[in-house]
Amino acid sequence: MLLRLAQDPELFLIVAFAFVIAITLHEASHALVATWLGDDLPRLQGRVTLNPLKHLDFLGTVMILIASFGWGRPVLVNPYRLRFGSHRGMALVAAAGPASNVALALVLAPVARELASSSGTDLITVAVVLIIQLNLFLAAFNLIPLPPLDGFSVLIGLVPRETAIRLDGLRRFGPGLLIGLFLLIAIVPGATGIISGPVLGATRLLLGG
C-alpha cells in the first residue's frame, strides 16, 4: 500500500479511510451488543463509541498502510456477565461485528448505484464502492471459524454445550492458527479467492453489476 501512496495518493487515502470506517464500526458493534447483554466492561473502557481513536490498534493500523490489511483493538468482554450464558452471549457479541459491516454495505449499496448512474466513476463513487467491498471483506474474513476470529465464537454458541467446552480449548492456539491462515493465504495460489470471490460476487450483486 505504501507503493500505492507513491503511485496514487488519492486511492491510498480512500482505502485507508474505508478501512478505518469498517474497523471502527466492527469494534463499536461488539462493544454495544456486549453492553446491551449486561457487561459494562466495554462501556467502562470507552469502547461504546464511533470514535476511531478508541478502536484502532497501532500495529493493525501500520499493517493497513503496509499491506492493505489490518485490524482493530479487540473489545474486552466478560462472557460470564452476558445474558443467555457465556457461550451464546459471546456468539451474539461476536456476530455483531460482521453483521454491522454487512449492514453498512447494504445501506451504502443504493447510494453507490445512484452515484454511479449520475456521476460515473468520480472519487466519491470509488470511495463508497471501496467502503462496501472492505466491509464485506472484513465480515467474511472474521466469520472464518478459527480462533480468535468472530466466526469461532459464533460456532461455539451454536454447538451443544459439551462440544463448545471442548472447542473452547482451541482458543489458546489462536495466534498460531491465525498466523498459519495468513501464511496459507500468502503462499497458496488462489487461496485469497476463497474470500475475495464471494466478496466480489456480493459486491456485484449489491451494485447491480
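Our structure is the block above this text.
The notes below deal with the structure included here. (Residues numbered from 1 in each chain as written. Predicted model: local features only at pLDDT ≥ 70, side-chain atom pairs only at ≥ 80, totals over all residues. Heavy atoms only, no water.)

## Structural notes on the overall build of the chain
Then comes step 1: For the chain, the helix and strand inventory stands at 10 helices and zero strands.
Then comes step 2: In the chain, the order of α-helices and β-strands from amino to carboxyl end is α-α-α-α-α-α-α-α-α-α.
Then comes step 3: Here the C-alpha atoms of the chain give a radius of gyration of 18 Å, agreeing with the 17 Å that 2.2 N^0.38 yields for 209 residues.
Then comes step 4: With respect to the principal axes defined by its C-alpha atoms, the chain has extents near 55 × 35 × 35 Å.
Then comes step 5: Relative to its 209 residues, the chain shows a buried fraction of 38%.
Then comes step 6: For the chain, the proportion of contacts with a sequence separation of at least 24, taken over those separated by at least 6, is 67%.
Then comes step 7: Counting only carbon and sulfur atoms, one obtains 72% of the accessible surface of the chain, whose full area is about 11,200 Å².
Then comes step 8: Counting 14 positive and 11 negative side-chain charges, the chain places the centres of these two groups 10 Å from one another. (Helix = DSSP H or I, 4+ residues; strand = E, 2+ residues; numbered from the N terminus. Rg over C-alpha atoms; globule rule 2.2 N^0.38 Å. Buried < 20%, exposed > 50% of the residue type's maximum accessible area, 1.4 Å probe, protein only. Contact = heavy atoms within 4.5 Å. Areas by Shrake-Rupley, 256 points an atom, 1.4 Å probe, with all protein chains shown as cover. Lys, Arg positive; Asp, Glu negative; His and termini not counted. Charge placed at Lys NZ, Arg CZ, Asp CG, Glu CD.)

## Points about the pattern of salt bridges
Opposite charge on two side chains allows them to pair when their charged atoms are near.
Then comes step 1: Within this structure, the stated rule accounts for three salt bridges.
Then comes step 2: For the salt bridge of aspartate 40 with arginine 81, the shortest nitrogen-to-oxygen distance reads 3.0 Å. One end of the pair, aspartate 40, is in the loop between α2 (9-36) and α3 (41-44); the other, arginine 81, is in the loop between α4 (58-67) and α5 (86-119), with 41 residues separating them in the sequence.
Then comes step 3: For aspartate 40, a relative accessible area of 23% puts it in the partly exposed group.
Then comes step 4: The class of arginine 81 is partly exposed, set by a relative accessible area of 44%.
Then comes step 5: Via salt bridges that share partners, Asp40, Arg43 and Arg81 belong to a single interconnected network. (Salt bridge = Lys/Arg side-chain N within 4 Å of Asp/Glu carboxyl O.)

## Digging into the layout of surface pockets
Then comes step 1: By volume, the largest pocket amounts to about 1,100 Å³.
Then comes step 2: Every residue lining the largest pocket is counted, 38 residues in all, and those nearest its centre are Pro74, Asn142, Pro148, Leu149 and Asp150.
Then comes step 3: Counting residues per element, the ones that place at least two in the lining of the largest pocket are α2, α4, α5, α6 (123-142), α7 (150-158) and α9 (174-187).
Then comes step 4: Looking at side-chain class alone, the lining of the largest pocket contains 24 nonpolar, nine polar and five charged residues. (1 Å grid on protein atoms, 1.4 Å probe; cavity = no way out; pocket = protein on both sides within 12 Å on 5 of 7 lines; lining within 4 Å. Points joined across faces, edges and corners; volume = space filled by probe spheres on them. Nonpolar A, V, L, I, M, F, W, Y, C, P; charged D, E, K, R; others polar.)

## Some words on the packing of aromatic side chains
Then comes step 1: For the coordinates displayed, the defined rule picks out one aromatic pair.
Then comes step 2: When the centroid spacing of 6.3 Å and the interplanar angle of 15 degrees are considered together, the rings of phenylalanine 137 and phenylalanine 141 count as stacked. Taken together, the residues phenylalanine 137 and phenylalanine 141, both in helix α6 and four residues apart, mark about one turn of the helix.
Then comes step 3: By relative accessible area, which is 23% here, phenylalanine 137 ends up partly exposed.
Then comes step 4: Taking NZ or CZ as reference, arginine 83 lies 5.5 Å from the ring centre of tryptophan 36, over its face. (Phe/Tyr/Trp six-rings, centres within 6.5 Å; stacked < 30°, edge-to-face > 60°. Lys NZ or Arg CZ within 6 Å of the ring centre and 35° of its normal.)

## Some thoughts on unusual backbone geometry
Then comes step 1: Geometrically, the link from proline 147 to proline 148 is a cis peptide bond, its omega value of 5 degrees lying close to zero.
Then comes step 2: Despite not being glycine, phenylalanine 84 shows a phi value in the positive range, around 75 degrees.
Then comes step 3: Secondary-structure assignment places phenylalanine 84 in the loop between α4 and α5.

## Considerations on the side chain of histidine 30
Then comes step 1: Structurally, histidine 30 can be placed in helix α2.
Then comes step 2: Taking relative accessible area as the criterion, histidine 30 reaches 6% and is therefore assigned buried.
Then comes step 3: A polar side-chain atom of histidine 30 sits 3.3 Å from a polar atom in the side chain of aspartate 150.
Then comes step 4: Those residues within four positions of histidine 30 in sequence are excluded, and the remaining contacts are Val75, Val93, Ala94, Ala96, Gly97, Pro98 and Asp150. (Polar contact = N/O pair within 3.5 Å; in protein donor to acceptor, adjacent residues only side chain to side chain.)

## A word on the nonpolar core
Then comes step 1: Residues Ile132 and Phe141 are the most contacted members of the largest nonpolar core, which totals 27 residues.
Then comes step 2: Top element by residues in this core is α6. It accounts for nine residues.
Then comes step 3: Within the second largest apolar cluster, nine residues are counted, among which are Ala31, Ala34, Val75 and Val77. (Core = buried A, V, L, I, M, F, W, Y, C linked by side-chain atoms within 4.5 Å.)

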